[in-house]
Amino acid sequence: MSHIDTAYPYFGIFLMLVFSSVIFFAIVFLASKIGNALAAKNRKKLGLGIYECGPIPVKQANKINSQFFIIALIFILLDIEVVFLFPWALIFKDLGWFGLWEVFIFILLLGVGFLYAYKKGAFKWQSIK
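Definitions and cut-offs
- Residues numbered from 1 in each chain as written.
- Predicted model: local features only at pLDDT ≥ 70, side-chain atom pairs only at ≥ 80, totals over all residues.
- Heavy atoms only, no water.
- Patch = residues over 30% accessible without salt bridge, like charges linked within 9 Å, V, L, I, M, F, W, Y side chains within 5 Å.
- Areas by Shrake-Rupley, 256 points an atom, 1.4 Å probe, with all protein chains shown as cover.
- Salt bridge = Lys/Arg side-chain N within 4 Å of Asp/Glu carboxyl O.
- Helix = DSSP H or I, 4+ residues; strand = E, 2+ residues; numbered from the N terminus.
- Buried < 20%, exposed > 50% of the residue type's maximum accessible area, 1.4 Å probe, protein only.
- Lys, Arg positive; Asp, Glu negative; His and termini not counted.
- Contact = heavy atoms within 4.5 Å.

Chemist: An account of a nonpolar patch on the surface is requested, with residue identities and associated values reported.
Modeler: A cluster of nonpolar side chains, Y8, F11, F14, L15, L17, V18 and V22, forms an exposed patch at the surface whose accessible area comes to about 710 Å². Summarising the element assignment, Y8 is placed in the loop between α1 (3-7) and α2 (11-38). Taking relative accessible area as the criterion, Y8 reaches 56% and is therefore assigned exposed.

So, in structure tokens, the structure goes:
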């Protein structure tokens, strides 16, 4: 066993990382150059055409209500609440009173957040008009 083997046990892994990185970037570079060489030269005609099929696209006003975003955020908060309460429920007996007070504080903080959202009108559905 030589001195190099014991002093640098991960040298072989480092060489593999460097070698694979060089090969990766070489393949990406070559694929880019080959793709550009084989691509159609008449790009203006291609850019004016309709993508795949269907009617000619027409710019329309955005009619998506921002209320969807607020409801989605509240739904995610409910999911996170369940994610944190499920493990707590599994070891409820082991935690004792301390764990019970922790979950009460957690639910109280969530309740304050939902009360704030209610006061701000996050749960009122508004028309798009």
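Chemist: Explain the environment of G99 to me, using residue names and the numbers behind them.
Modeler: Locating G99 in the fold gives a position in helix α5 (residues 92-119). Between the alpha carbons of G99 and A89 there is a distance of 9.7 Å; along the sequence they are 10 residues apart.

Chemist: Report on the side chain of E81, specifying residues and quantitative values.
Modeler: By the secondary structure assignment, E81 is in helix α4 (residues 67-90). Within the buried core, E81 has no salt-bridge partner, and the shortest N-O distance to an opposite charge, that of K119, equals 19 Å. Sequence-distant contacts of E81, that is, excluding residues within four places in its chain, are made with F106, L110 and F114.

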